[in-house]
Each structure stands twice: as structure tokens, then as C-alpha cells.
2 protein chains.
Amino acid sequence: MTDRPTILLIGTCDTKWAELQHTRQQLLATPTTPRPTVLLLDIGREPSHHQEISFPHPTLPCPFDLENDGSEPEPEDYASLPRQLYLEAATARTQRIITHLRARHQLHGILALGGSCGTSVATAAMRAACPIGFPKVMVSTMASGDIGPYVEETDLTMMYSVVDLAGTNGILTPILANAAAATAAMAAVQLRRDRQDALERCEDYLVAQELLQMVTGADRSPGPRPNPAPQRIGITMFGVTTPCVTEIRTLLAASPTATEVFVFHATGAGGKAMERLVREGALDAVIDLTTSEVVDELVGGVLSAGPHRLEAAAAAGIPQVVSVGACDMVNYGPPGTVPERFRGRRIWEHNATVTLVRTSPEENRRVGEFLVEKLKKATAPEKVVVVLPTGGLSMLDVEGGVYWDPEADAVLFRTVEEGLRGSGVAVLRREEDVNAPAFARGLVEVLGRVMGCRLV
Amino acid sequence: MTDRPTILLIGTCDTKWAELQHTRQQLLATPTTPRPTVLLLDIGREPSHHQEISFPHPTLPCPFDLENDGSEPEPEDYASLPRQLYLEAATARTQRIITHLRARHQLHGILALGGSCGTSVATAAMRAACPIGFPKVMVSTMASGDIGPYVEETDLTMMYSVVDLAGTNGILTPILANAAAATAAMAAVQLRRDRQDALERCEDYLVAQELLQMVTGADRSPGPRPNPAPQRIGITMFGVTTPCVTEIRTLLAASPTATEVFVFHATGAGGKAMERLVREGALDAVIDLTTSEVVDELVGGVLSAGPHRLEAAAAAGIPQVVSVGACDMVNYGPPGTVPERFRGRRIWEHNATVTLVRTSPEENRRVGEFLVEKLKKATAPEKVVVVLPTGGLSMLDVEGGVYWDPEADAVLFRTVEEGLRGSGVAVLRREEDVNAPAFARGLVEVLGRVMGCRLV
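Residues numbered from 1 in each chain as written. Chains lettered and ligands numbered in written order. Predicted model: local features only at pLDDT ≥ 70, side-chain atom pairs only at ≥ 80, totals over all residues. Heavy atoms only, no water.

## What about the overall build of chain A?
Then comes step 1: Along the backbone of chain A there are twelve helices and 14 strands.
Then comes step 2: If you line up chain A on its principal axes, its C-alpha atoms span 75 × 70 × 40 Å.
Then comes step 3: By residue count, 56% of the 456 residues in chain A fall in the buried class.
Then comes step 4: Contacts in chain A between residues at least 24 apart in sequence constitute 70% of all its contacts with a sequence separation of at least 6.
Then comes step 5: For chain A, the accessible area works out to roughly 18200 Å², and carbon and sulfur atoms hold 53% of it.
Then comes step 6: Placing the 42 positive and 55 negative side-chain charges of chain A at their respective mean positions leaves the two points 2 Å apart. (Helix = DSSP H or I, 4+ residues; strand = E, 2+ residues; numbered from the N terminus. Buried < 20%, exposed > 50% of the residue type's maximum accessible area, 1.4 Å probe, protein only. Contact = heavy atoms within 4.5 Å. Areas by Shrake-Rupley, 256 points an atom, 1.4 Å probe, with all protein chains shown as cover. Lys, Arg positive; Asp, Glu negative; His and termini not counted. Charge placed at Lys NZ, Arg CZ, Asp CG, Glu CD.)

See below:
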């Protein structure tokens, strides 16, 4: 394991050499200890010849031996490719290089500079090749506006360059210095984390050795065992399902089984983040209370988490309790952004930037079908339970509420029940609305049952 | 001047105390030198009683004497205010505290944590009270999506919290540690910059003393004078006006007068950034080539810079050359986002995420009127020149191009000429299109004339 953090600096050396060179020097002069090593990766379309470049244009010889792991295809000449193919090739290569370095514990942080193309390439590669928590910083001309497509479900740090990334002028210079210092410090923290992890792996090894001694009859005292790791439980939430999540948290905090709770806002990025963390093995169980991103995906709202929502937990076979919180609404921005076709629907202005449309029975049927399709693929259906709140799906969908529509909800409930019949996935009805304390308690009890432990 | 950087940590202590406390400890244990001092500002609605809070809820006694400068109004009880008024009061107070500390050179960086409310309060205060380049970091549940309203024209650094800011779990903990390390390192760099500035002010003083000696007849040799500061010139650019800006840069790089060039993308945030930097005195002159944000403001496109575009330079009385680059287009996102009312217009799909609508003669008239209204208010009209490219407004608006429409352009030119007649602002026509090298050269020559120096 290395003594100094290593930072990968990414940019187009053909068009932004002065800025990259300046940033590299800032990284080397950073006020952090220990000071970093910097590797420079060129994603420019045309080859650049500078000795500071660690990973040059694919047509130039690379001082790092990436071929060794057999994952590097034939080098491509970006300059000869159409623009879109160049971007794809540069993204794939960047991802390979990051993966290569990370697999060897030789990378602790990434800093990229770019306009729209550079941002697209660097963020796609960082999202694909780095876990959440790993330091990744993007200085971009695109970082004041909709950064959703660049950040997605990750903690990618975005810094707006304010001016074009061209020339190291008096406005850009402090911004680049800030970004360099920030990345260097985060990388130093990452190095610390890597060392801690290595130490813990080492301790695991010692504990295992000790157990082996016990089994084989050695008489050494085993010493105190560490506490068992808490059960990591993900929960999906929305403003209109917050009381339920608050109650769940209270119950889990007092649970006889140790738990660690992760709450994801059902904003598209939040649902994607939970799916990703399940895939990465960072969650042991899920209360997928607020599946409203499915509505936005199917009906065209702005908070969709894409077509792969509800797939990760089913595929991983982890315990999950699923409900239909906030499936009474489609989300839009300011009132003017609600499509014409919803004229005549119950439209609710939640605040200046959020406008809701009440779902129809037909839309609720499609939402139900989506849930059924995904949950039917569960690799361990006996660990999956759907719990339906027949008293209402959100704060607005309660008797007397502006979205109260038991007929529409009934279609959703029926679709889920009928669709999952015989699948091995249990479906329960409860008469409370989603935010009633008894409903929250019911969810936690059911989760405990499928997890095989006592939670309340 | 202090030895250690000071960081202001901002958050709602009533709802996020554990996370703030954890982040504070991370800041104090950061791998940067020198280690920071941390001040904690509570923007929570309800009072919290913790000795670590430097600026508590307004109903509690504050250990810092903010009243001294007379700018602090009566303390307000956030808890008794309606939500919107609470947010406004918390924003105003945060802004006052930042301004107070910065005025005394007692602040070097800011780190805020928040959900939608906390993000709104903290970013509004940071935008208002901190210049560009000053370290400001926001860890937010809102940082994967449209962050335009939070970042605006600043270099505010946004980090997505991935999970809800509730409980310091295994996903949030490394993210908070990264944010703390990043802010501490940026603050250390800011402290360095502050010292450098103080030193330079000190040198100015010495130079002035020396000159005084010369004037009063002292015979000491004056020594070499530093080079004069370069002229700082802002330019607005768009993809379809890039060749013009590239040519301007080439000319200015070879200019007999030293210049420093700042290019702003006309994306809304870019135009706002230029306006702000003019107001802050960070630019000496402007080539406002690409005024297409005015089109989006008036016609409803997505890249508006608001109603105050073209006001700052006019008010500051600095030399400016204005043109109408890219005023042939309204900007939208993917094709589906173009409003129905533009059916039948010339719609151009620039790429998957940018769709353009050709402006009509009537829209061009309104754009012309906007320019006239703003430029008429110039405090030094003799330093303002409008240059009109009658050969076309963008790469698309050239003879044979998809947006070539000399009638629509003629309305724009005529409106500007007639509107500015007698205002003291000169209007010139050139026969080239906006991207012809001769047009760029013309702009630079004219700018040199109003700046009173030779640029080409």
C-alpha cells in the first residue's frame, strides 16, 4: 500500500493543455498532507505530446501497461471516429483505466475538467467505475443547470467553472486551485479509509485464525468478539410519505436487532441510488415504501428512476417489503410544465416548483403491472412481501383529501394481487392509510419476518 | 491576520444535529495544514442548545457581537413565522453573518448541509455574500437534478448526499468526510490568497511611498516598475458563434495592449456571471457578442439570463461592444420540450438535448427593443458601440444555411438602429456574417477605439 494518495487528472490535452498543466501544478502544491501523486489522462481527440501525460492518446505509446489484464481492446484513433463514437471510445477507455488503477489500490481520487463533451465522458466513466464515497470532482462549464444526467445516483462533486475553461485568467485560476485542493484533501481521506479497510481485513483474518485454533483444540482464550454488523436497511421516502418513514425510523432505532437505516428520496436519483447500493451489496434489506418513480416512468413525470426500478433487490434475493406510497401522483415542475393532456385532471400545486397530477385508474393499472412484472422475477420470492394501504397512498390520498380516489387505488391493489397470485410473493392489505403509525409498524413487523429476526 | 483558516458550517441543528456534529469533527480532523477553526451557524426553525453552536437560533444569546455594525435587525423567532418567511429570515441572517465575518477577514470557506429548505437558504446566502472564487460547498439531497437555481452564476460546489441527511450511516459518513476535507483544503488555499492580497496591498503602499519620494525630490533610484495590469475583457459565446470568439482571442493574444480574456457561455448562468463580474469590478471591458439569452428571456427559451441582462456594463460605464450573435434562435431541450405554438417554425435538432426554433421578425423586433432599452441607460454612451453582422447572426444564419432569413434579421437591425438614434451609442453595420474573421477583427478594432488603446 502506497504512502501518498494518487489522483487521476482527466481532460482534453489538445484543447485545454494550459488549464490541465496549471491544475496539475496546483495539485502538487496542495496544502494537504501527504501530498499527492498525479496521473494525467488525455481524453482529447487529437494526440498531444507532453511528458507529463501518463495515459496519452490511444495512438501514442502508453507508459502504463494496461494490456496486461487482457481488458484493453485494440487502440482506436479518436481523430478518425465520428464525434459520438469518439465520445463512447474515450468513455470506455477512461472507465478501463480507472478500473485498472482501483483494482490495484493505486487510485484515491479523480479530478476532471471539461466543457460539454469532456463532462459527458469523464462523468460517465466515473459513475461506472467508482463506488459511492470514492472522491470524484468535475469542474465543468455545465455545472449550473440540470446536472442530473452527469451525477445520476452518485456523489459526484460538481463545480461550475463560471467562465469557459480556456486560458488561466483571474477568475478561473482560484476556481481550479480550489478544485485541486478539494480533490487532494478528499484523496488523502480516501487513502486513510483504504488503510483502515486493509487493517480490518487483516483483523478478520486474525479472528478467523483464532477460530481455527479453537476448533482444532488450541486452548488459547478467544477474547471478546466484535459486535455483529448492523442490518443495513434502505427505505424510499417522499414528502407525502414522510410520517410513515419517521415512524419506521423510530421503531428501528429501538429495535432488538441492530440496524442502520438509509433513506432515499424518491426523486429519480434517489431510487436509482438505492438500486445501485443493493447491487453493490451495501444494503441487506429494503422497505420500498415509496414507489412513485414508477408512475413518473410510465406516465411521463419528471421524477422517473428509469425502467429498471425494483429490479436490484429482486435479483439480489434480499428481504424486501414493497408498498405503493405516493402512487397517486405524477410529478411536474412549475404549473406551466404540466402537459396539455392532463387538463381536467385534479392538479395540485405543491409549491412554486412542484405541481402534481392525480393518477387515473388506467395509469394505476399500469403501475400495478410494472410492480408485478419486476417482483415476479424475484430470485427469493419468499423474502418479498407487498403491503397495500387501502386507507390511502399519500398525505393527499386520504378520506377528504384532495387526491382521495378509492376507485383508482382499488385498480392498483387488484392488479398487484391478481398479478402476483401464485408467484410466491405475498400480498397483504391493511386498512390504514400509508402514514398511519399502525401501517409503519406493520411494515417493520413483516420485514422482521422475512429477515428472520425481531425488529419490533 | 489569522494563522488558521476559519470555516463556517451551516445547517439546521434541530433536525440534523448528529450530521452537523459529525461533520464538525471531520473538519477538525482534516488532513490539511494548517487545521481550521470551525464556526457553526444554526438555521433550524426551533432553538437548539449545544455549546458547539457559534451562531445559535435568533431567540438565543449569540456569543458573537453582530449588533455592533448596526446591520442586525431585531431577532426573529423562526418558529413563529410561516414557512416562507422563516426561509427568508434565515437567508437574510445567514447572509449578514457571512458578510460580517468576511468584512473582518475572519472567514475562508463555507460548508453547508441541507435538504430542500436548507439548500435554498444556504445557497442563497452564499451567492449573495461571497465573491466567485471564495470556497463554498453544499452537501445536498437536491444535488442530482436541476441545480441552476442554487448555483446560478457562481462557483458554488454541489455534492449530492445520495441518501437522506439523517443518521450518519456507512454511505453518508464518507460523503461528509469528503466534503469536510474538501472545504478545509479550499479554505487553506483561500487563507493563502488573502495573505497574498494583503502583501500586494502592502507593496502598492511601498510603491506609492517611493513615488512620493521621487516627487518630493528624494534622489533614491525608483527601481523597476511592475508591468501594468492587463485589461480584463469579457466575451459572450455560443457554439454557433465560437469561430468569431476564437478569432477575437487570437487577435487579443497578439495585441500590443496586454489583455486577459474571460469567455462566458450564453447559457443563462454564463450571461449572469458576466453581469455579476462587471458589477464586482472584475472586468474592464466587454465584447457582448452573443446576446441570445435575451431571445430566450423574451420568447420563453430555456437559456434565459433573466430580465437584467445587459444592465451591468451600461451602469458601470465601461467600454463595451455589443452584437446580436445567435439572436436567430430560441433554445429548448429534447425535441418533445418545444412548445406546441412553434409548430410550423423552422425547428433544428442541434443534438439529443438541444432543439432550436428560428426567431420570427416579430420576436426579433422585441429583442431589438430590449437591447435598445438597456443600452440607452448607459452611463457612458460614448463607450458603447453596437456592431451588426448583416451577413448573418450565427453559423446557421448564413446564405444557404437552415436559419438564413434576411427579412427577420433586417427587423432586428432596424429596431436597434432606430431605437438608439440620438442616444450617443453608435451603431455600425458590417456586411460579413458573425463568424467571418473580418467581423471579429472589426469588433476588436472598435473595442480598442472605445477603450482608448491599440488592440490590433
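Additional details are given in the paragraphs that follow.
## Remarks on the layout of surface pockets
Then comes step 1: Put simply, the second largest pocket is a space of about 1100 Å³.
Then comes step 2: Taken together, 32 residues line the second largest pocket, and the ones lying closest to its centre are A:Gly170, A:Pro174, B:Ile132, B:Arg193 and B:Asp197.
Then comes step 3: Counting residues per element, the lining of the second largest pocket draws most heavily on helix α5 (residues 172–215) of chain B, which supplies seven residues.
Then comes step 4: Taken together, the residues of the lining of the second largest pocket break down into 14 nonpolar, eight polar and ten charged. (1 Å grid on protein atoms, 1.4 Å probe; cavity = no way out; pocket = protein on both sides within 12 Å on 5 of 7 lines; lining within 4 Å. Points joined across faces, edges and corners; volume = space filled by probe spheres on them. Nonpolar A, V, L, I, M, F, W, Y, C, P; charged D, E, K, R; others polar.)

## Describing the interface of chain A and chain B
Then comes step 1: Residue-level contacts link 60 residues of chain A with 60 residues of chain B.
Then comes step 2: Taken together, both faces of the contact between chain A and chain B bury some 4400 Å²; the carbon and sulfur share is 60%.
Then comes step 3: In this structure, the connection of chain A to chain B is made through zero salt bridges.
Then comes step 4: Linking chain A with chain B are 29 residue pairs in polar contact (both at pLDDT 80 or more), by the criterion used here.
Then comes step 5: Elements with a contribution of two residues or more to the side of chain A that touches chain B: α4 (148–151), β5 (157–160), α5 (172–215), β7 (259–265) and α7 (269–279) of chain A. (Buried area = accessible area lost by both parts, 1.4 Å probe. Salt bridge = Lys/Arg side-chain N within 4 Å of Asp/Glu carboxyl O. Polar contact = N/O pair within 3.5 Å; in protein donor to acceptor, adjacent residues only side chain to side chain.)

## Some points on the sheet that holds strand β6 (residues 231–237) of chain B
Residue and element names in this part refer to chain B.
Then comes step 1: On the basis of which strands lie adjacent, the open sheet formed by six strands has the order β7-β6-β8-β9-β13-β14 and parallel pairing. One side of each edge strand has no neighbouring strand; the edge strands of this open sheet are β7 (259–265) and β14 (426–430). Strand-to-strand, the axes of this sheet are offset by a mean angle of 20°, without reference to chain direction.
Then comes step 2: Examined bridge by bridge, strand β8 (residues 285–288) and strand β9 (residues 320–322) share three bridges and lie parallel to one another. (Pairing = 2+ DSSP bridges. Axes fitted to C-alpha atoms, helices over the stretch in contact; angles between N-to-C directions.)

## Some remarks on empty space enclosed by the protein
Then comes step 1: Inspection of the entire model under this criterion finds seven cavities of 30 Å³ or more.
Then comes step 2: Looking at the largest cavity, its volume works out to about 50 Å³.
Then comes step 3: Around the largest cavity, the lining residues are A:Thr141, A:Tyr160, A:Ser161, A:Val162, A:Val163, A:Asp164, B:Phe264, B:His265, B:Thr267 and B:Gly270.
Then comes step 4: Grouping the constituent residues of the lining of the largest cavity by class yields four nonpolar, five polar and one charged.

## Structural notes on the sheet that holds strand β12 (residues 354–358) of chain A
Residues and elements named next belong to chain A.
Then comes step 1: Across the sheet, which stays open at both edges, the three strands sit in the order β10-β12-β11 with antiparallel pairing between neighbours. In this open sheet, the two strands that pair with only one neighbour each are β10 (329–332) and β11 (347–351). Strand-to-strand twist of the sheet, defined as the mean angle between neighbouring strand axes without regard to direction, takes the value 30°.
Then comes step 2: As paired elements, β10 and β12 share four bridges and run antiparallel to each other. Bridge pairing in β12 places Val 330 opposite Val 357.

## Focus on the packing of helix α10 (residues 361–375) of chain A against helix α11 (residues 406–420) of chain A
All names here are of chain A.
Then comes step 1: Relative to each other, α10 and α11 sit at 25°, their axes nearing to 8 Å. With respect to their mutual orientation, α10 and α11 come out roughly parallel. The interaxial crossing formed by α10 with α11 has right-handed handedness. Contacts between α10 and α11 involve Pro 361, Asn 364, Arg 365, Val 367, Gly 368, Glu 369, Leu 371, Val 372 and Leu 375 from the first element and Ala 408, Asp 409, Val 411, Leu 412, Thr 415, Val 416, Gly 419 and Leu 420 from the second.
Then comes step 2: Taken together, the residues of the contact of α10 with α11 sort by class into ten nonpolar, four polar and three charged. (Parallel < 35°, antiparallel > 145°, perpendicular 65-115°, else oblique. Left-handed = near helix turned anticlockwise from the far one by under 90°.)

## Points about helix α6 (residues 242–253) of chain A
Residues and elements named next belong to chain A.
Then comes step 1: Helix length check: α6, at twelve residues, gives a terminal C-alpha distance of 16 Å against a target of 16 Å (1.5 Å per residue), a fit within 8%.
Then comes step 2: Inspection of α6 places Cys 244, Val 245, Ile 248, Leu 251 and Leu 252 among the buried residues, and these make up the whole buried set. The buried residues of α6 occupy an angular sector of 120° when the element is viewed end-on, so they sit on one face.
Then comes step 3: In this structure, the buried side of α6 is in contact with β6 (231–237), β7, β8 (285–288) and α12 (437–451). (Expected span 1.5 Å × (residues − 1). Arc of directions from axis to C-beta.)

## A short note on the UniProt feature "domain: UPF0261" (unreviewed entry) in chain A
Then comes step 1: UniProt annotation of "domain: UPF0261" (unreviewed entry) refers to residues 5–189 and 232–450 of chain A when read in the numbering used here.
Then comes step 2: With 37% helix and 21% strand, residues 232–450 of chain A has its two end C-alpha atoms placed 14 Å apart. (UniProt positions renumbered as here; feature names shortened; annotations may be inferred.)

## Brief notes about helix α3 (residues 116–129) of chain B
Then comes step 1: Between the first and last C-alpha of α3(B) there are 20 Å, a value that for 14 residues agrees with the 20 Å anticipated at 1.5 Å per step.
Then comes step 2: Taken together, the buried positions of α3(B) are occupied by B:Gly118, B:Thr119, B:Val121, B:Ala122, B:Thr123, B:Ala125, B:Met126, B:Arg127 and B:Ala129.

## A short note on the relation of the copies chain A and chain B
Then comes step 1: With an axial shift of 0.0 Å and an RMSD of 0.0 Å, the rotation relating chain A to chain B amounts to 180°. What the superposition gives is, in effect, a two-fold axis relating one chain to the other.
Then comes step 2: Comparing contact sets, 100% of the residues at the interface of chain A also lie at the interface in chain B, consistent with an isologous, same-surface contact. (Least-squares fit on C-alpha atoms with pLDDT ≥ 70 in both.)

## Re the environment of A:Ala229
Residues and elements named next belong to chain A.
Then comes step 1: Its location among the elements puts Ala 229 in the loop between α5 and β6.
Then comes step 2: What makes Ala 229 exposed here is its relative accessible area of 64%.
Then comes step 3: Measuring from C-alpha to C-alpha, the distance between Ala 229 and Ala 258 comes to 7.6 Å, with 29 residues separating the pair along the chain.

## Topic: the domain arrangement of chain A
Residues and elements named next belong to chain A.
Then comes step 1: With domains assigned, chain A is organised as domain 1 (6–192) and domain 2 (231–451).
Then comes step 2: Each of domain 1 and domain 2 has a C-alpha centre, and the two are 38 Å apart.
Then comes step 3: Counting from both sides, the interface comprises seven residues of domain 1 and, opposite them, six residues of domain 2.
Then comes step 4: Contact between domain 1 and domain 2 buries roughly 540 Å² in total, counting both sides, with carbon and sulfur atoms accounting for 49%.
Then comes step 5: On the domain 1 side of the interface with domain 2, the three residues burying the most area are Ile 132, Glu 152 and Glu 153, jointly 81% of the side's total.
Then comes step 6: In this structure, the connection of domain 1 to domain 2 is made through two salt bridges.
Then comes step 7: The salt bridge involving Glu 152 is made with Lys 272; its shortest N-O contact spans 2.5 Å.
Then comes step 8: Counting across the interface, domain 1 meets domain 2 through four residue pairs in polar contact (both at pLDDT 80 or more).
Then comes step 9: For the side of domain 1 that touches domain 2, a count of residues per class yields three nonpolar, one polar and three charged. (Domains from an automatic or database assignment.)

## Considering the nonpolar core
Then comes step 1: In terms of nonpolar packing, the biggest core is built from 148 residues, with A:Leu8 and B:Leu8 touching the most fellow members.
Then comes step 2: Residues within four places of A:Leu8 in sequence aside, it is in contact with A:Leu39, A:Leu41, A:Phe55, A:Ile98, A:Leu101, A:Leu107, A:Gly109, A:Ile110 and A:Leu111. (Core = buried A, V, L, I, M, F, W, Y, C linked by side-chain atoms within 4.5 Å.)

## Concerning the pattern of salt bridges
Then comes step 1: Applying the stated rule across the entire model yields 42 salt bridges over all chains.
Then comes step 2: A:Arg343 serves as the salt-bridge partner of A:Glu340, at 2.7 Å between the closest nitrogen and oxygen. Summarising the burial analysis for this pair, A:Glu340 and A:Arg343 share the class exposed.
Then comes step 3: Linking B:Lys377 and B:Glu373 is a salt bridge whose minimum nitrogen-to-oxygen distance equals 3.5 Å.
Then comes step 4: Note on B:Lys377: relative accessible area 52%, which makes it exposed.
Then comes step 5: Salt bridges sharing common partners tie together A:Glu275, A:Asp288, A:Glu293 and A:Arg309.

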